Every structure is written in C-alpha cells, then in structure tokens.
Number of protein chains: 2
Amino acid sequence: MAMSERRKKILRVVVENYIETAEPIGSKAIAEKAGLTCSSATIRNELAALEKLGLLEQPHTSAGRIPSPQGYRLYVNELMEQHKLSIQETERINTAMNSKMRELDRVIDQAGKLVSQMTNYPAFSLTAGGSQITISRYDLLMVNSNSFIAVVMTSNDRVKNKLIRLPSDITEPQLQLLNTLLNTSFTGKSLAELSPELMRVAEKAAGSSYGLISLVVSFAMDVLEDMNQSIVRTSGVGHLLEAPEYQDIGKAHKLMTYLSGEPEFSNMSLPMLQGQQDTRILIGPENVAEELKDTSVVLASYDIGEGMKGVIGVVGPTRMDYARVTAKLSYLADNLSKMFSAPQQPALPQQQRPALNPAPASEQSGDEDV
Amino acid sequence: MAMSERRKKILRVVVENYIETAEPIGSKAIAEKAGLTCSSATIRNELAALEKLGLLEQPHTSAGRIPSPQGYRLYVNELMEQHKLSIQETERINTAMNSKMRELDRVIDQAGKLVSQMTNYPAFSLTAGGSQITISRYDLLMVNSNSFIAVVMTSNDRVKNKLIRLPSDITEPQLQLLNTLLNTSFTGKSLAELSPELMRVAEKAAGSSYGLISLVVSFAMDVLEDMNQSIVRTSGVGHLLEAPEYQDIGKAHKLMTYLSGEPEFSNMSLPMLQGQQDTRILIGPENVAEELKDTSVVLASYDIGEGMKGVIGVVGPTRMDYARVTAKLSYLADNLSKMFSAPQQPALPQQQRPALNPAPASEQSGDEDV
DNA sequence: TTTAGCACTCATCCAAAAAGAGTGCTAAAC
DNA sequence: GTTTAGCACTCTTTTTGGATGAGTGCTAAA
C-alpha cells in the first residue's frame, strides 16, 4: 500500500511533466494528464503522501509538486520506459563515427563532442586503466649520425614513436646493439617494473656511456604513463545555458568552471572502469562533488581492449531526460566498443578516401603514436 | 587641434575606466580621475566633441560616456601603454610550458587552456600552414606475417606511425622491397603530388597485387593532411559569464555556441599565418563574423618550423584589457616559438623525470606521431 | 475512501512614484 | 576665445504596494 499503482502513475506524471517543462505541476493538471478517474482533491491527498515518502517536493507552499532526487531515483529504477532511438539518431551516430575517429585522442575528443551535440548537454569523455600494459617491442631507426627514431609497440598493439637527437655521433652497429639489448631486457615490463636500477645495470652491461638506454626507456615509460593516465575532455558546456535551471548566471558559471577544470569524473567512472557495470546514473546529491549536488550525471563505458576502458558521460540538470540520454549514450558506447574490437571499423557503408584503389586489405588496430 | 593632449587624456580615462568597471563615466568623475585643472563643464564640452568625432558613445541621454569601437582602436593604436608582465606571470607561463607540452596536439590544447586561465577569457588555439610539407622517409617494420608498422617521417622532422594489418600473408623480403620502392618513388612529394595515378603506376611496376602501396601511401597522405588541416580548440568559454556584458544569458549562449562550433578563427589568423604580422587585435565590428560584432579578439602567432605556424587567441568583450592580454599572449607565443626552434625546450631549470641518469643528450625536436 | 468547498499562502505582475545621475545650454567670468 | 557656474531637463533604476492567480490543506459531507 505504500506504493499503489495510482501513486506510481502520479509520480510518473510529475516526473515526466517536470522533465518536459521544468515547472511544478498542480493536482488539477495531474488529474487531467494521468487520465485518472478521481478528482483533484484525491490527488492532493496522494501528493501529500508521496511528499511524506520523500519522493516529491514543493518549492513553496502554494506551488505544485516537483520530484525529489529520490523521486527521480525511483522513476529511473522502476518507472522509466526504455527509449528507442529513431533511425535518424542511429544514422547520425554511425556517420559521425565513420569520419575521423581513428586515433585514440581523437576518439575521446569526437565522442564527447558528438554526445554533447546529440543530447544538448555538456558531455565529457575519458579513458583509463592501462596500468598493466607493457612494451612488447622496440625498433630504432637511424636517421643520421646524431639522431634516430625510437618506435615502441605496446602489448595492446598501439605504436608510438619519437625522434631522438644526440649531441654526439652514433653508428649503425651501435644502434643495432642497443636495439637488441632493449628488446631482450626491456620488453614485457609494465611501467612499475621499468626501474631506474634496471636501467643503470643495463647501461653498464652495454658499456654505453651515453645514457642511450635511459633515453629510449624513458620514452617508453612516457608512453606507458600516457596510456595509464586518464585524459578527460569536456565539451558543450554552453548547452547548460539552455536549461531554465541555469538561467541564474552564478549557478551556471560555477558549474561551468567546475566542468572545465579537471573534475574527478574518473572517480565516478571507477565502477565502470573496473567492469562492474556499463552504465550509471548519478542523481543530484548522489554525486560526491559538492558542485554536482543538484546535477545529474549519466555515464556509459566502452572497451578499448587489453583492460583499457573509455567512458563517455553527460552532465545536466536533475530533471534531464534520462531515458533518452541513456539510450543515446549506450548505443554510442556499444559502437565504440565494436570499433575497437573489430579493426574494420563500425558496421556501415564505408567511404574510403575516394581516390584509393579498392584496398584488398585492412585498417589499423586502433591508433598510433604518442 | 582635432586631438589635443587634453582630449587624448580624456579619451584614455574613459577607455580605461570602462575597461575596469564596464560602466559609463560622467564628466565629473573624469575631471577627478584625469587630474585635469579644468571643471566638469569644460570636460562636457570636450566629451561632446569626442562624441562628434565618433570616438565616444552615450548609452542614453543621461548616462556617462563609453568608448566606441573607433575609440578603442585609437586607444590601442596610440594611447595604450605597453603592459609589463609581473614575475609571477612569467613564472607561471614558464612552469606551465615545462610540464607536458611535448606533443603538438597537446601544445595546442595546453596553450589554449593556459591562455584562458591567465586572461580569464575564452581562448582558442590552432595550427596551420603545412601544405608544402613532404614525406622524407618511410620505414616498414614487420610485426608478424600479416601485420607491419609503417613509420613515416616528414620534412619538418615529425614522425608518425600506424599498425597495418593484412588479410593475407607477407614475407620479410616482400616488405623490404616495398620499403625501398616507397623511399625511391614516394618521398619528397607533397600531399597534392601523391596522386592516385602515381600509386597505380607504382603498384603495377612493383607487381604487387595487394594494394600494399596504396595502403602505406594513403596513410602518408593522412599524415600530411592532418598537418595541413588546422585544428582549432577552444577553452574556457565559461569565463564569458564573468563579464557583465554577458549577464544576458541569450547573448552569452549565442557567443558560446559560436565559439564551441568550429569558428573561422583560421580566417582571421591568415595575415599571421602568412607571416605578415605576429599579433593582431580585432575590435568589435572589425570582426567579420556576425557573432563577434560586439566582441574583440586578440591573436598572437608562433613558429612551429618549416612554414608551419600556430596561433593562440583570446575572445572577450570589446572592453577587454588589451594591454594586459596582448602582453601575456605575445610572451607565451614567443616562448612557444623558442620551444619549437630549440629542441632543448624553454629556458628554465628543467626537471627531468627524477629517476633518470643525467642524460648526456637531448630531447626530441617537437612531437611525434599522428 | 472520495469529493466539494473554502480560507489561506505565496510568487508574480504591474503601475506609479521617487531617487539619482548626467547632460546640454545659457550667460557670465577670465 | 575659452572656461565655468547654474539650472532645467531627460532618462534609467529602484522602490513600493496593491492586485492577481495558482495551488494548497483542511473540514465536513457523500
């Protein structure tokens, strides 16, 4: 009896009305919208009950009701209907993914932008979780007597390179030797295992007084560190101003500054980075950060391979359209996962660079380079 | 007589007051601030004259005066004093540049962010002008029988790579052959010169039926295209809300959306990309874009080497503090130029990765990779 | 349990009045 | 000829107070 069907219906009308209009709704309007047979007075009684349960709130004595965060939570958990994406929407995502999403950096960037454009909310995008990645191979390419290119490949099949210049000369055989040494002693090691001691020992053994090994290995460490480190990127903060709840400049500004800083999105993405779930909704006060206390965050994660994960998310007013946003977000995340697992890229009519021969072959694994 | 010293002084007070307070100023207040010996009535006469000259404006009959765009222009051209950066400010720029600005992509990103933080205005950052860059060298590194790494080096000493997978097997000698062919026929060519015909011919000559050449060359084309293409990045749009002129949400939102889109900053950067000047101030209506008509833009360019240029810029209300902004911008731009020309990085106490041996050597030229 | 009725509370809107800032002009002073 | 004091006038901003109306909570009857 705590939650009769009627109450659920009422709650739902309140939530959906508020999502749509951002205005409180009164008993009379509810009676009409809900298609219930009872009168507004009855609804008033129910409203009072729902308020007592903590699911509704009243901005002031003589206003209608709006959902409380708990109200949203119940709505999201039990009442919300799955939103189906329209064909246009899926098309849009697909085409956007086909163009220019090749490198990891760009994926983070573009995915965020795309999400923001599609939801009309600020969006963010991040990657993380590469701490157990190792270097699987080194190649040193001689350029001239005082510079060479170091190419390293990681266990998750990414390749990065760097042009290294030396103050003194080096010969091809020396470089070869160095290359072999690197491949025998410095592969299969994670960032943590590439200790300075190891380097010193190897340096000595090689009889190299140039610190050449350190130079290359330190580059390798940079690469691993970069993969490890999560890059967060925010886009579309301007969308905030569209929502009536951010007509208050002070409020809008505060949130914007927070979003443009380096917020701890990675924290809230944790359960997803650990693979415990792949979408997550944080409603208002459920957020840890003070700045997000009356804001909701919707997150979806995707797989980059080798234990690495990416997360895309949306930030908006608590009354955001959860059904629609989650639908878009998880569709996009799914597609990103597919893109990273299948080298052939998404499942769409490809448009290769027009001038190309029908390449018999393939595409790269993910991205390249530092 | 059109512009007596007194008038200049008055104009200057009006501009500087407006920059500081965003409020019109009246004759009496000017008399005090300017330290002139005359009375407010005299000033009123002068004000009327300055208004007739089009240098001042009056929001409404009984308000004080504010500068017109022409007024700003005159101020910027003749009256503005060079602003000296404080030690703290230069320090801040220096330290920010030392950390994590290694790769080009990141430079664009970080420089924009830094500018925005230092000026408290939205900032943008872009690079352009690599159309005559060529590929100077190819290396193909065998990974296994159906994949290899393609490494290309460009004429401006950047190196990019890509892991290429094949549906069918390939042998080391085949790869070698391919490598040689690429280096003999496809180096020293700009993007425009890498025509599909050339590829077809080479493909035939090589007897390769795999389209392998296309695969690698098309990657090279991507690389050149990427360098050619200007990447624009905007940061700190939220700062707009701090300015009183953007307390109007509608206005703020419009400008923000414009800035977050892909605005033609590259157009206004043109004179700078062509090396005709290295800072530029566009005041209000001097801007081409409708959205920027009552906004000012300050730009500074820096050299990336090999004809490539980068531009950083700031967008703000017409009353922005030009002296301070230009000072910061050009200091940063200078430092960026230095950083790109000298491999050793800026002129500051370096902190290398702590665990490293005192590397006898150097650092990379600029950045790496795609 | 539902409903009609009614007094009551607040936010919002609007108009009118009051306050204040700054001007432009005139006539006198330097 | 330039500067200045004086003053009426204009226009914005702020304040005030009443009217309006939406929506409630409660009571008493169905």
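Each chain carries its own residue numbering, running from 1 in the written order of its sequence. Key to labels: chains lettered from A, ligands numbered from 1, both in the order written. Confidence filtering applies because this is a predicted model: local features only for residues at pLDDT of at least 70, side-chain atom pairs given and counted only at 80 or more, and all residues used for totals across whole chains, interfaces and linings. Only hydrogens and water are set aside when side-chain values are computed; all heavy atoms of the structure are taken into account.

**Things to note about the environment of Ser301(A)**
All names here are of chain A. The test is simple: Helix and strand assignments follow DSSP, with helices taken as H or I runs no shorter than four residues and strands as E runs no shorter than two, numbered in order from the N terminus. In what follows, a contact means two residues having at least one pair of non-hydrogen atoms within 4.5 Å.
Mapped onto the secondary structure, Ser-301 falls in strand 9 (residues 295–305). Distance from Ser-301 to Ser-125, taken between C-alpha atoms, is 9.6 Å for residues 176 residues apart in sequence. Contacts of Ser-301, omitting those with residues within four sequence positions, involve Met-272, Gln-277, Asp-278, Lys-309, Gly-310, Val-311 and Ala-333.

**Things to note about the packing of aromatic side chains**
Residues and elements named next belong to chain B. As a reminder, the rule being used: A pair of Phe, Tyr and Trp rings is counted when the ring centres sit within 6.5 Å of each other, with Trp represented by its six-membered ring. The angle between the planes then sorts it: under 30 degrees is stacked, over 60 is edge-to-face, the rest tilted. Only protein chains enter the area calculation, which uses a 1.4 Å probe; residues under 20% of their type maximum are buried, those over 50% are exposed, and those in between are partly exposed. A ring is considered to have a charge above it if a Lys NZ or an Arg CZ atom is located within 6 Å of its centre and within 35 degrees of its normal.
The full count for this structure, using the stated rule, is six aromatic pairs over all chains. Ring plane angle 5° and centroid distance 6.2 Å describe the contact between Tyr-302 and Phe-340, whose orientation is recorded as stacked. With a gap of 38 residues between them, Tyr-302 in strand 9 (residues 295–305) and Phe-340 in helix 12 (residues 322–341) connect regions that are remote in the sequence. When sorted by exposure, Tyr-302 lands in the same class as Phe-340, which is buried. Against the face of Tyr-246 rests Lys-251, its NZ or CZ located 5.9 Å from the ring centre.

**Quick word on the sheet that holds strand 4 (residues 135–144) of chain A**
All names here are of chain A. What counts, and what does not: For two strands to be treated as a pair, DSSP must find no fewer than two bridges joining them. For every element, the axis is a line fit to its C-alpha atoms; helices are fit only across the contacting stretch, and the angle between N-to-C directions ranges from 0 to 180 degrees.
Overall, antiparallel pairing links the three strands, which are arranged 4-5-6 in an open sheet. The open sheet is flanked by strand 4 and strand 6 (159–165), the only strands paired with a single partner. Going from strand to strand, the sheet's axes swing by 20° on average, the running direction of each strand aside. Relative to strand 6, strand 5 (residues 147–154) is paired through seven bridges, and the arrangement is antiparallel. Bridge assignment links Val-152 to a residue of strand 6, and that residue is Lys-160. Docked against the sheet, helix 7 (residues 172–185) engages strand 4 and strand 5, running at close to 170° with respect to strand 4. Against the sheet, helix 9 (residues 212–228) touches strand 4, strand 5 and strand 6, its axis set at about 40° to strand 5.

**Some details on the domain arrangement of chain A**
All names here are of chain A. To be explicit about the condition: Segment limits for the domains were obtained from an automatic or database-derived domain assignment. Buried area, as used here, totals the accessible surface that two parts lose on assembly, with accessibility defined by a 1.4 Å probe and the loss added over both. Salt bridge, as used here: a side-chain nitrogen of Lys or Arg that lies within 4 Å of a carboxyl oxygen of Asp or Glu. Within 3.5 Å is the distance limit for a polar contact, defined as a pair of N or O atoms, with the added protein rule that one can donate a hydrogen and the other accept it, and that residues adjacent in sequence qualify only through two side-chain atoms.
We note that the domain assignment places domain 1 (5–79), domain 2 (87–129 + 230–341) and domain 3 (135–227) within chain A. Taking only C-alpha atoms, the centre of domain 1 and the centre of domain 2 are 29 Å apart. Every contact between the two is made by eight residues of domain 1 and, on the other side, 12 residues of domain 2. Counting the surface domain 1 buries against domain 2, the share from its top three residues, Ile-19, Tyr-72 and Arg-73, is 54%. Counting across the domain 1 and domain 2 interface gives one salt bridge. The shortest N-O distance in the salt bridge between Arg-73 and Glu-286 comes to 2.6 Å. Taken together, domain 1 and domain 2 are joined by three residue pairs in polar contact (both at pLDDT 80 or more). Contributions of two or more residues to the side of domain 1 that touches domain 2 are made by helix 1 (5–21) and helix 4 (69–79).

**Observations regarding helix 1 (residues 5–21) of chain B**
Side chains of residues three or four places apart in an α-helix project in the same direction, reflecting 3.6 residues per turn. All names here are of chain B. Rules: By this rule the span expected of a helix is its residue count minus one, scaled by 1.5 Å.
End to end, helix 1 covers 24 Å across 17 residues, agreeing with the expected 24 Å (1.5 Å per residue, within 8%). When helix 1 is considered as a whole, its buried residues turn out to be Arg-7, Ile-10, Leu-11, Val-13, Val-14, Val-15, Asn-17, Tyr-18 and Ile-19. Of the surrounding elements, those touching the buried residues of helix 1 are helix 2 (27–34), helix 3 (40–52), strand 1 (56–57), strand 2 (66–67) and helix 4 (69–79). Of the residues one or two after helix 1, Ala-22 is the one with positive phi, at around 65°.

**Observations regarding the sheet that holds strand 3 (residues 123–128) of chain B**
Residue and element names in this part refer to chain B. The strand order across the open sheet formed by five strands is 7-3-10-9-8, and the pairing between neighbours is antiparallel. Every other strand in the sheet has two partners, leaving strand 7 (232–235) and strand 8 (279–282) as the edge strands with one partner each. Direction aside, neighbouring strands of the sheet carry axes that sit 15° apart on average. Two elements, strand 3 and strand 7, share four bridges in a ladder whose sense is antiparallel. Within the sheet, the bridge partner assigned to Ala-123 lies in strand 7 and is Ser-235.

**Here's the deal with the packing of helix 5 (residues 87–98) of chain B against helix 6 (residues 104–119) of chain B**
Residues and elements named next belong to chain B. Using the following cut-off: Comment on the angle field: the value is read as roughly parallel under 35 degrees, roughly antiparallel over 145, roughly perpendicular from 65 to 115, and oblique elsewhere. It is the rotation of the near helix from the far one that decides the hand of a crossing: anticlockwise by less than a right angle makes it left-handed, clockwise makes it right-handed.
Orientation of helix 5 relative to helix 6, taken along the N-to-C sense of each, is 160°, at an axis distance of 11 Å. Classified by the interaxial angle, the pair formed by helix 5 and helix 6 is roughly antiparallel. When you trace helix 5 past helix 6, the crossing you get is right-handed. Of helix 6, the residues touching helix 5 (which contributes Glu-89, Arg-92, Ile-93 and Ala-96) are Leu-114, Gln-117 and Met-118.

**Quick word on the side chain of Thr295(B)**
Residue and element names in this part refer to chain B. Relative to the assigned elements, Thr-295 resides in strand 9. On the basis of relative accessible area, Thr-295 is assigned to the buried category, the value being 0%. Apart from residues no more than four positions distant in its own chain, Thr-295 is found in contact with Tyr-246, Leu-255, Leu-282, Ile-283, Gly-284, Asn-287, Val-315, Gly-316 and Thr-318.

**What about the protein's contact with DNA strand D?**
Our working rule: For each residue, the test is whether any non-hydrogen atom lies within 4 Å of the molecule or strand; if one does, the residue is near. Each residue gets one of three labels, nonpolar for Ala, Val, Leu, Ile, Met, Phe, Trp, Tyr, Cys and Pro, charged for Asp, Glu, Lys and Arg, and polar for the others, Gly among them.
The environment of DNA strand D is made up of 21 residues, and the closest members are Ser27(A), Arg65(A), Ser39(B), Thr42(B) and Thr61(B). When atoms of DNA strand D within 4 Å of the protein are split into backbone and base, the sugar-phosphate part holds 76%. One nitrogen or oxygen atom from the side chain of Arg65(A) is found 2.8 Å from a phosphate oxygen belonging to DNA strand D. When residues of the surface near DNA strand D are traced back to their parent elements, those giving at least two are helix 3 (40–52) of chain A together with helix 3 of chain B. Considering every element that reaches the surface near DNA strand D, the biggest residue donor is helix 3 of chain B, with four residues. Broken down by class, the residue content of the surface near DNA strand D amounts to four nonpolar, 13 polar and four charged.

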